[in-house]
Every structure is written in structure tokens, then in C-alpha cells.
Amino acid sequence: MRILISNVVSLPREGSSRGRNPVDIGVGDGRILFIEDHMPLDSEKRQQQGPWDRIIAGRGRLVLPGFVNAHTHLGMTLLRGYGDDLPLMIWLQEKMWPVEEQLTPEDVYWSALLAIGEMLKGGVTTCADMYFHMEATAEAVAETGIRGFLSRGIQDAGGSGTRGLEEAVEFCRQWQGAANGRITTAIGPHAPYTCSPELLQRTADWAARLEVPIHIHVAETTAEIGEIKGKYGTTPLGMLAANGILDLPVTAAHCVHLEEADILLAAEKEVRIVHCPTSNLKLASGIAPVPEMLAAGLTIGLGTDSAASNNRLDLWQEMRTASLLHKGSSEDPTAVPAGTALQMATFLGAKALHLEQVGQLQPEWKADLILVDTHGLHWQPASDLTGRVVYAGERGDVSLVIVDGRILYEDGSLLTIDEEKVSYEVGKRAQRLGLLSST
Ligand SMILES: [Zn+2]
């Protein structure tokens, strides 16, 4: 499908001399064909570039790269609101894990559709998942048109490590590059405290053989640091390094409690970090040393983590929280400025997932973009645009979402998801699992 977005405002790119607005954007074959100064539709050039299957009037709207939710668990969206206000280990052991044992592939499929619908409406065009029944999630990603970086989660607990690893390997073989390349895969050892050194070593061997990255939780809580230091005499990141994981491309979620030496090690090994500020706050895990990690040159994306620990899958919220949190905690208003937060939600997030040509509006890059309505009073007056996006914008302002050159959401309607059916299925399943409150 060839789409022309005419007369839309874009953010000036860093290092680009082109700061003029508005622009016209051509999309075709899943990619951005051009971004040029706006000219009338009947101009010779635009006529020559056609014909267009669809011409979208961009006036009064802002175009942004689609957001990247670089760490979440789509299958847990069904558990939203179940076990609020508990510490991580109690939340996991007493609430999440017992319910997860009862989840069927169909539960995960509908949960993933719920998550994808929510994310698309808020402008998320790529998501990174680590969970089980991952085939069901991959089906949901393939059907709905979103971009997914998917990994089957594995751990030793309950003796499921071997089976988990076999399934993870099979999943990568089956789904890598599927859905026109929208699906990329990784192997997801859950965390240093749930995976033995032996399992991590075998995981590293397989990831190297399959040429896929590792997606893992790292240094999320002080309890994890204590446990790993007690067992192995090193930090969680040091333990991963000792078992070969850091010799591979790694996407490391959280990294709340990195020591100075860990930050240097992560920089040396080019570990890609995913900061999940809301989840870290809600589970009282702590505050990640984001300014220090940025200063060390680390790539940092943003993630919501699951809807059970957030409870939104909203990158507008994560951008804003990331920026405000680090200013407050460091008493430095220049920490994580708006432009950096926006980069973390887009380009740096894609980079954290080892994706190529995703996350920026550039010719030849993947056509993953969103239009944002800036008519609302909270967008007035027309001060610094990037600042307004990060500090004033919200997910309800998103009016159109394109992934891989295809329109998936427009003016309140999801075009690939039946919202009513999703709500019905999710409600039915939540009731069966005993997740609904009696009030
Ligand atoms: Zn997580």
C-alpha cells in the first residue's frame, strides 16, 4: 500500500539542517519513501510520485516515529490489577506464578490481543515480550500487524529449564523473521536468580548458534543482589559475564542496582538496557542509575514491564516518568531531558532490541509512525515541540498508527482487532482464573 501523508508537522532531527515544517511523507512497501518539504498535492512532483492508495491530511497533526515498548509480558495483561501493592518476590511467588501455572495458550493469545490493542491505541508500534505459550503471542503479533521482539522465557524453577530451553530454541527456529520480518526472536532466560549457571551457559551456546540475542531481567531488586552475591560472590551482571551471556547481544531489563563496575562492564560489552521506571516504582524496586548509564554511553530503551506491575502499557507515561524521576532523584533538572526521553521511547528502544532501521523517520527505514493530534488545550501554546510531546502529550492524542507501512489504528478504531470480542474473552478468562475482585 502506498500512502502519502501531506502537510504534517515533524520534529527537527538532531544534526539535521532541515528544521522546516510542514512536510510530506511518502510510504510504500513497508518503508518510508521520502520526507520532503510540503507541496500541493497537484504539484508536478507529487503527481509524478503517485499514484497513492491513500492520501492522509496531516494538517494540525504531528508525526512521530512509533513508540517501542522494549520490555513487557503480553500474556500477563490478563493479570492487570491482580496483586497490586505487594513487594516483587511476594507478588511473584504468591500471586503471579500460581495463576501462570493455570494459563492456557488461548488465555495468552487473548491477553496478547488485549495488550496489543492497548499499545497500538497509544502509539506503540514495536513490543518486546518474554513469556511462555509464546506461539500464541506470535500468532497475535502476526495477525494484528504490530512489530514484535519475542522470546520464550526459561528458568530452572520447577525443573522446567530443559523443556523451556528446547521450546525457546524451537520458537526461534520457527518464528525468526516471520510476518514479513515483523517478528524477530531472542532467547529469554528469566533472570540470574531463576537460572543456574549451567542453564545460562547452555542458553548462551544456543543463542550463539541461532544468532539471536538474549532478553533477560537483571539486577531488579536489592534482594536479588544479596542472593546472587551470597551464592556466587559477584553481582548479577558479573554472574552473567562469568557464564558467557555478555559475549552475546543482550537486552537487559531493569538494571536498577548496577554498581559502578557493572556500568563499566555493561558499556564494555555493549549490553542494551531497558529502563522500566513505572514498574520499578510500583514494585518499590528502586531507581535505576539512568543518568550514570547514559553518561557511560549505554543504549537505554524504555519498557512498561507487564500490565500487572504498571498497570498501563503506555510509553507516553514511561517517557514522562523517566524524565521526571531522574531529575527529582538527582536534584538536577537537566537529567534525562525531553529529547533524550523521546529517543529512549523510539530509536534507542529499537536499538536496545537490536533492530535495524526502526525508530526514526528516515527514507528507507521501516514505516512505523504515528500521527498525533495537537489541537487539545494541553498542547497550547505552541512552545518547544519536543517538550510538549514528553511533558504534556498523552496516549489519547494518537490519531493514526502505521506499522510496516500498514494502517492499524485510525480515529478511535483498531483495524485488526475486534475490541468487543477481546473484552468479552478477557473477562471470561479472568473470571475462570479467579482474578476478578468480588466488589
Ligand atoms: Zn519483566
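Residues numbered from 1 in each chain as written. Predicted model: local features only at pLDDT ≥ 70, side-chain atom pairs only at ≥ 80, totals over all residues.

J.: Could you give me a rundown of the overall build of the chain, with the residues and numbers involved?
T.: Of regular secondary structure, the chain possesses 16 helices and 17 strands. Taken against the 2.2 N^0.38 rule, which gives 22 Å for 439 residues, the C-alpha radius of gyration of the chain at 21 Å falls within 12% of a compact globule. (Helix = DSSP H or I, 4+ residues; strand = E, 2+ residues; numbered from the N terminus. Rg over C-alpha atoms; globule rule 2.2 N^0.38 Å.)

J.: Any chance you could break down the pairing of strand β11 (residues 250-254) for me, citing the residues and the numbers?
T.: The buried fraction of β11 amounts to 5 of the 5 residues, a majority that puts the element mostly inside the structure. In this sheet, β11 lies alongside strand β10 (residues 214-218) in parallel orientation, the contact comprising 5 bridges. Each residue of the ladder has a partner; that of His217, found in β11, is Ala253. Pairing of β11 with strand β12 (residues 272-275) involves 3 bridges; the strand directions are parallel. Directly across from Ala253, in β12, lies its bridge partner Val274. (Buried ≥ 20, exposed ≤ 12 C-beta atoms within 10 Å, placed from the backbone. Pairing = 2+ DSSP bridges.)

J.: Account for the environment of Pro189, with residues named and values stated.
T.: Positionally, Pro189 belongs in strand β9 (residues 183-189). In the structure, Pro189 is positioned 26 residues away from Arg163 in sequence and 12 Å away in space, judged by C-alpha atoms. Contact partners of Pro189, with chain neighbours within four places excluded, come to Ile154, Cys195, Leu199, Leu200, Thr203, Ile214 and Ile216. (Contact = placed C-beta atoms within 7 Å.)

J.: Please give an account of the pairing of strand β15 (residues 398-403) that cites residues and values.
T.: Extensive coverage of β15 is indicated by the burial of 6 of its 6 residues. In terms of strand pairing, strand β14 (residues 369-373) meets β15 through 4 bridges, oriented antiparallel. Residue pairing in the sheet places Leu371 in a bridge with Leu400 of β15. With 4 bridges joining them, β15 and strand β16 (residues 406-410) adopt antiparallel strand pairing. Bridging from a neighbouring strand, Ile402 pairs with Ile407 of β16. Hairpin connection of β15 to β16: 2 residues between the antiparallel strands, including Asp404 at a positive phi of 55°.

J.: Would you mind going over the packing of helix α12 (residues 315-330) against helix α13 (residues 338-345) in detail, with residue names and values included?
T.: With their axes 9 Å apart at the nearest point, α12 and α13 run at an angle of 140° to one another. One element, α12, and the other, α13, form an angle in the oblique class. When you trace α12 past α13, the crossing you get is right-handed. Listed contacts from α13 to Leu315, Glu318, Met319, Ala322 and Ser323 of α12 are Ala338, Ala341, Leu342, Met344 and Ala345. Looking at the contact of α12 with α13, its residues break down into 8 nonpolar, 1 polar and 1 charged. (Axes fitted to C-alpha atoms, helices over the stretch in contact; angles between N-to-C directions. Parallel < 35°, antiparallel > 145°, perpendicular 65-115°, else oblique. Left-handed = near helix turned anticlockwise from the far one by under 90°. Nonpolar A, V, L, I, M, F, W, Y, C, P; charged D, E, K, R; others polar.)

J.: With reference to specific residues and values, describe the domain arrangement of the chain.
T.: Partitioning the chain into domains gives domain 1 (3-65 + 366-414) and domain 2 (67-352). At the interface, 20 residues of domain 1 touch 24 residues of domain 2. With 5 residues, helix α15 (residues 385-391) is the single largest residue contributor to the side of domain 1 that touches domain 2. Residues belonging to the side of domain 1 that touches domain 2 are distributed by class as follows: 11 nonpolar, 4 polar and 5 charged. (Domains from an automatic or database assignment.)

J.: Explain the nonpolar core to me, using residue names and the numbers behind them.
T.: Counting 134 residues, the largest nonpolar core has Ile116 and Ile273 as the members making the most contacts within it. If you tally residues by element for this core, the top one is helix α3 (residues 105-121), at 10 residues. Both domains that meet at this core, namely domain 1 (3-65 + 366-414) and domain 2 (67-352), each give it at least three residues. (Core = buried A, V, L, I, M, F, W, Y, C linked by C-beta atoms within 7 Å.)

J.: Explain helix α16 (residues 419-432) to me, using residue names and the numbers behind them.
T.: A rise of 1.5 Å per residue sets the reference length of α16, with its 14 residues, at 20 Å; its end C-alpha atoms lie 20 Å apart and thus fit the reference within 8%. Gly434 lies just past α16 and shows a positive phi near 70°. (Expected span 1.5 Å × (residues − 1).)

J.: Run through helix α6 (residues 197-210), naming residues and quoting values.
T.: A rise of 1.5 Å per residue sets the reference length of α6, with its 14 residues, at 20 Å; its end C-alpha atoms lie 20 Å apart and thus fit the reference within 8%. In the stretch just after α6, Glu211 is the one whose phi turns positive, near 60°.

J.: Residues and numbers for unusual backbone geometry, please.
T.: In most cases, non-glycine residues show a negative phi, while peptide bonds are predominantly trans. With an omega of 0°, the peptide bond running from Gly50 to Pro51 counts as cis. Relative to the helices and strands, Pro51 is located in the loop between α1 (44-49) and β4 (54-57). Cis peptide bonds are those with omega within 30 degrees of zero, and the linkage from Gln380 to Pro381 qualifies with -5°. Within the element layout of this structure, Pro381 appears in the loop between β14 and α15. For Asn180, which is not a glycine, the phi torsion comes out positive at approximately 60°. With respect to the secondary-structure elements, Asn180 resides in the loop between α5 (161-175) and β9. Within the chain, Asp411 stands out as a residue other than glycine whose phi angle is a positive 45°.

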